[in-house]
Every structure is written in structure tokens, then in C-alpha cells.
Amino acid sequence: MKSELHVPSDLKYLNVVETWLLGCLQTELGESVDWTRQSNRLRLVLVEAYSNVVRHAHKEQPQVPILIRLELEQRDLALEVWDKGEGYDMSTYFPPSPIEKQEGGYGWLIMNRLMDKVEYELQVNGANCLKLEASLPETADKVQEKINH
């Protein structure tokens, strides 16, 4: 399954983005996923990715839309968040230290902890792409059902 959403660079559309993502996934995977656990994980990652584009990449150009692509193959999801900002040089990123009272940098850390794979490509055909990948585990009920058959 593939789907994409073009959405304004405005935080008031965050609920639209979350509803689209979780709606697509729930339609495809049904009750085979523990949505109480997975939806919180996916929401947090999506909020971080989307809000970073709105606040940093498109801060001077709110009229520029954000493109979000979702690809689901069996239980493996790939989410791409495309922006038209200047981009971020990942070589300048340093993870936050528990000792220093650093204000930024937590989003990248959170996304890497919650997803199986996180990649950032700077300027691909005039846009930047944050790619997030994860495999959604089956509920314990579904696993037990397979064992019993």
C-alpha cells in the first residue's frame, strides 16, 4: 500500500497528518497491531518530524507544502517527510548530553530510539527527505493464534 499527503506547513494541520497516517495503517492492518502502543510511538515520531519542518525548514515560507509519503509492505512501514527548506547538515549534530542543559537535538534522538531506521537526505531533486522505517509487531493474540494452528 502506498499513500501520500500534501499538507500546509502549519502546526494546526498536525491532527490531519496524524489521522491520515494512523487511518491508513489501521485500514490495512486492522486489529493485528496493538494500536494503543504503536499509535503513541508513531504519533511521537510524526509530531517530531512534521513540527521540525514547520518550525525550522519552512519557518520563512509557511505557504510551501510538506509532502509525506507512506509505504506499507506487509508489516514494514516506510514514512518519508519531504521539505523544501535549506536542509540540516547532520555532520554538525551532537546528541544531547544529560549533563549539559541543551535545548535542541532531542528530536533526532527520539526518532532514532523509536524507529528501526532513520535517514536524512539533503537536497534530493531540490528537496530534503527524512525517511523513517519500522516494522509493526503483531499483537500477542495473533502470534498465539498462529502457534495454535
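Anyway, here's the lowdown on the structure attached to this text. What you see is a predicted model, and the numbers here were worked out from it, not measured in a lab.

## Here we look at the overall build of the chain
Part 1 of the argument: For the chain, the helix and strand inventory stands at four helices and five strands.
Part 2 of the argument: The order of α-helices and β-strands along the chain, N terminus first, is β-α-α-β-β-α-β-β-α.
Part 3 of the argument: Within the span of the chain, comprising 149 residues, buried residues form 39% of the whole.
Part 4 of the argument: Across the chain, the fraction of contacts at a sequence separation of at least 24, relative to all contacts at a separation of at least 6, is 64%.
Part 5 of the argument: Here the chain has roughly 9,200 Å² of accessible surface; of this, 50% comes from carbon and sulfur atoms.

## Thoughts on the pairing of strand β5 (residues 127–135)
Part 1 of the argument: Where strand β3 (residues 76–83) and β5 come together, eight bridges link them in antiparallel fashion. Bridge pairing links Ala78 to Glu133 in β5.
Part 2 of the argument: In this sheet, β5 lies alongside strand β4 (residues 117–124) in antiparallel orientation, the contact comprising six bridges. Looking at the pairing, Val124 lines up with Ala127 of β5.
Part 3 of the argument: Joining the antiparallel neighbours β4 and β5 is a turn of two residues, in which Asn125 adopts a positive phi near 50 degrees.

Quick notes on the rules
Residues numbered from 1 in each chain as written. Predicted model: local features only at pLDDT ≥ 70, side-chain atom pairs only at ≥ 80, totals over all residues. Heavy atoms only, no water. Helix = DSSP H or I, 4+ residues; strand = E, 2+ residues; numbered from the N terminus. Buried < 20%, exposed > 50% of the residue type's maximum accessible area, 1.4 Å probe, protein only. Contact = heavy atoms within 4.5 Å. Areas by Shrake-Rupley, 256 points an atom, 1.4 Å probe, with all protein chains shown as cover. Pairing = 2+ DSSP bridges.

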